[in-house]
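# Architecture at a glance
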Amino acid sequence: MNWAGLYAVLSGVNRHSTAIGRIWLSVIFIFRIMVLVVAAESVWGDEKSAFTCNTQQPGCNSVCYDHFFPISHIRLWALQLILVTTPALLVAMHVAYQQHQEKKLLVLTGHADPKHMEEVKKHKMRISGSLWWTYVCSVVFRLLFEAVFMYIFYMLYPGYQMVRLVKCEAYPCPNTVDCFISRPTEKTIFTVFMLVTSSICIVLNLAELVYLVVRACARRGQHNSNPPSGKGSFYGHKLSSEYKQNEINQLLTEQDGSLKDMLRRNPGLQEKGDRCSAC
Amino acid sequence: MDWGSLHSILGGVNKHSTSIGKIWLTVLFIFRIMILVVAAERVWGDEQDDFICNTLQPGCKNVCYDHFFPISHIRLWALQLIFVSTPALLVAMHVAYRRHEKKRQFRKGDQKCEYKDIEEIRKQRFHIEGSLWWTYTSSIFFRLVFEAVFMYVFYFMYDGFQMPRLMKCSAWPCPNTVDCFVSRPTEKTVFTIFMIAVSSICILLNVAELCYLVTKFFLRRSKRAGNPKHHPNHENKEETKQNEMNELISDSCQNTVIGFSS
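Residue positions are counted from 1 within each chain, in the order its sequence is given. Chain letters and ligand numbers both follow the written order, the letters beginning at A and the numbers at 1. Residue-level local features of this predicted model are given only where pLDDT is at least 70; pairs of side-chain atoms are given and counted only at 80 or more, and the full residue set underlies all totals for whole chains, interfaces and linings. Only hydrogens and water are set aside; all other atoms, that is, all heavy atoms of the structure, feed into the side-chain values.

## Notes on helix α4 (residues 73-85) of chain B
For clarity, the cut-off: Strands here are runs of E lasting at least two residues and helices are runs of H or I lasting at least four, both read from the DSSP assignment and numbered beginning at the N terminus. Working rule for helices: expected span equals 1.5 Å times residues minus one. We call a residue buried when its accessible area falls under 20% of the maximum for its residue type, exposed when it is over 50%, and partly exposed in between, using a 1.4 Å probe and counting protein chains only.
Its 13 residues place the ends of α4 of chain B 18 Å apart at the C-alpha level, agreeing with the 18 Å of an ideal helix rising 1.5 Å per residue. Taken across its 13 residues, α4 of chain B has 13 buried, putting it largely inside the fold.

## Brief notes about unusual backbone geometry
With omega at 5 degrees, the peptide bond leading from Tyr-171 of chain A into Pro-172 of chain A counts as cis. Tracing the backbone through its elements, the reader meets Pro-172 of chain A in the loop between β2 (165-168) and β3 (177-180). Of the consecutive residues Trp-172 of chain B and Pro-173 of chain B, the connecting peptide bond is found in the cis state with omega at 10 degrees. Examined against the element boundaries, Pro-173 of chain B turns out to sit in the loop between β2 (166-169) and β3 (178-181). A positive phi angle is found at Arg-183 of chain A, which is not glycine, with a value near 50 degrees. Unusually for a residue other than glycine, Asp-159 of chain B sits at a positive phi of about 45 degrees. Take Asp-159 of chain B: it is sitting in the loop between α7 (131-158) and β2. Residue classification places Asp-159 of chain B among the exposed residues on the basis of a relative accessible area of 70%.

## Let's talk about the packing of helix α7 (residues 130-156) of chain A against helix α8 (residues 184-225) of chain A
Residues and elements named next belong to chain A. The criterion, for reference: The axes are straight lines fitted to the C-alpha atoms, using for helices just the contacting stretch, and the angles between their N-to-C directions are given from 0 to 180°. When describing relative orientation, an angle under 35 degrees is termed roughly parallel and one over 145 degrees roughly antiparallel, while 65 to 115 degrees is termed roughly perpendicular and anything else oblique. Two helices crossing with the near one rotated counterclockwise from the far one by less than a right angle form a left-handed crossing, whereas a clockwise rotation gives a right-handed crossing. When residues are grouped by polarity, Ala, Val, Leu, Ile, Met, Phe, Trp, Tyr, Cys and Pro land in nonpolar, Asp, Glu, Lys and Arg in charged, and all others, Gly among them, in polar.
With their axes 10 Å apart at the nearest point, α7 and α8 run at an angle of 155 degrees to one another. Comparing the axis directions of α7 and α8 gives the class roughly antiparallel. For the pair α7 and α8, the sense of crossing is left-handed. Residue composition of the contact of α7 with α8, grouped by class: 16 nonpolar, four polar and three charged.

## Digging into the interface of chain B and chain A
The criterion, for reference: Here, two residues are considered to be in contact whenever any of their heavy atoms come within 4.5 Å of each other. What gets called buried area is simply the loss in accessible area from a 1.4 Å probe that two parts show on being joined, summed for both. In the sections that follow, a salt bridge refers to a side-chain nitrogen of Lys or Arg positioned within 4 Å of a carboxyl oxygen of Asp or Glu. In protein, a polar contact requires one atom able to donate a hydrogen and another able to accept it; more generally it is a pair of N or O atoms within 3.5 Å, and residues adjacent in sequence count only if both atoms are side-chain atoms.
Of the residues lining the interface, 29 residues belong to chain B; the matching set on chain A comes to 33 residues. Taking both sides of the interface into account, the surface hidden between chain B and chain A amounts to around 2,900 Å²; carbon and sulfur atoms contribute 67%. Put simply, chain B and chain A have three salt bridges between them. A salt bridge links Arg-183 of chain A to Glu-47 of chain B, with the nearest nitrogen and oxygen atoms 3.4 Å apart. Our count for the chain B to chain A interface comes out at eleven residue pairs in polar contact (both at pLDDT 80 or more). Broken down by secondary-structure element, the contributors of at least two residues to the side of chain B that touches chain A are α1 (3-14), α3 (60-68), α4 and α5 (87-108) of chain B.

## Comments concerning the UniProt feature "domain: Connexin N-terminal" (unreviewed entry) in chain A
As a reminder of what qualifies: UniProt positions are given in the numbering used here, feature names are shortened, and annotations may be inferred rather than shown by experiment.
According to UniProt, the "domain: Connexin N-terminal" (unreviewed entry) feature falls on residues 42-75 of chain A. Structurally, residues 42-75 of chain A comprises 41% helix and 6% strand, and the distance from its first C-alpha atom to its last is 13 Å.

## Quick look at the packing of α4 of chain B against helix α8 (residues 185-226) of chain B
All names here are of chain B. Packing of α4 against α8 leaves a shortest axis separation of 12 Å and a crossing angle of 15 degrees. Looking at the two axes, α4 sits roughly parallel to α8. Handedness of the crossing formed by α4 with α8: left-handed. Facing His-73, Trp-77 and Gln-80 of α4, the residues of α8 in contact are Phe-191, Thr-192, Met-195 and Ser-199.

Quick look at the structure:
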């Protein structure tokens, strides 16, 4: 499992994202992960071996390095990128669950041929209903993780500039010792670059959040002024109204409690009131 | 996520590019990215380890290296290649958006879009017309801008493109002035000149592509102005005219009849 594996996992989520979500994903993969792998890792590659202290005291070098770099920038960024990209998996799981429910419905209504099943897998889910809440939660978590990591970064390395020289007094260094960092300017450049892209991602996430909320309110306004039109499930459109009613009657008399719940909740098979803001 | 993934992402864009665009992409991947990965990274691999200063003063080497190489050539080229290849994604996004619109129309059963199935929409190549033309031209323009900016940054940072053998350093904590020796200066100069040359070729290709697109645009425009009914098509003339008008206004559905611009 490496960055390429993560890319494969998240590309699937891409299909059910908004346009801003897709732009965010591209920025993450090209301007952050790729730059990290291709450039930044080689800049920090020799950070310990080329960290030189003006002393011959054994152990002083290691102790001072550990004191000034409790966790390397590279590792911090890797953790940040992993945590920031994983809320998208919540959405993936929810979509998989909805697809599973749709397949179950197809089987029960006798439409279980391979073509319909394939279509369930391939069609894009609308971000409405509970999926809207899941999606919004994932965006909020992304924002939270980004902010937390930027704060941690600032706490660990006050200011974003990498200094050339640090003065170290930790045992076993005798008195105060000058220690020199390798490639400080290059590190500063990449730190600033990663911070800027992180800020761009935060802005994109905020924009996506605002877009989702505005869209939900607009839809709710439309819903209130027009009679509900049974939106939601993909196959709600496909079944005719009489057939729908027959199926509902049949299924409601069955013993399957969970399916009854699902049908009651599913807006495509029943006329639904304004239960939630995102319908 | 590495150069291979970038190659697979950009390979998809290739389908909707002009011939010059395809040549540019090939030059980019073979003569720049591949050379960078296969050769240049080895040459610069020991740049700090073998940067030797004539002093025993601890820290002097680090400081002098940092002073003369604020950012390594390799990283600068990597950033340049990433920035230069990403405008093509604008085109990819626009094409994906158009495909999405067509799929929507197909699903609604619209008469205008005549496709057998969704697979055909997915495989269809879009002609560079209308708003796609503007997106494509903008992406080329951005490419040019990024190439030029990076070449300027390079020249500005390293005072020309030659790598000197010896540098004199007097930054603290080096005592007085110290001689520092760069590792493999000639090999580095050779690769620097090679990368700059290929970069210039890419700039020329982009300029040529821009000129080609602009010329094609004006030719098409003058043809339309001169001969509005002179397009080979399957429908009758009135319908053709109506279709063309619709296309120019909405530009949401690229019909199979238009586009025979030769």
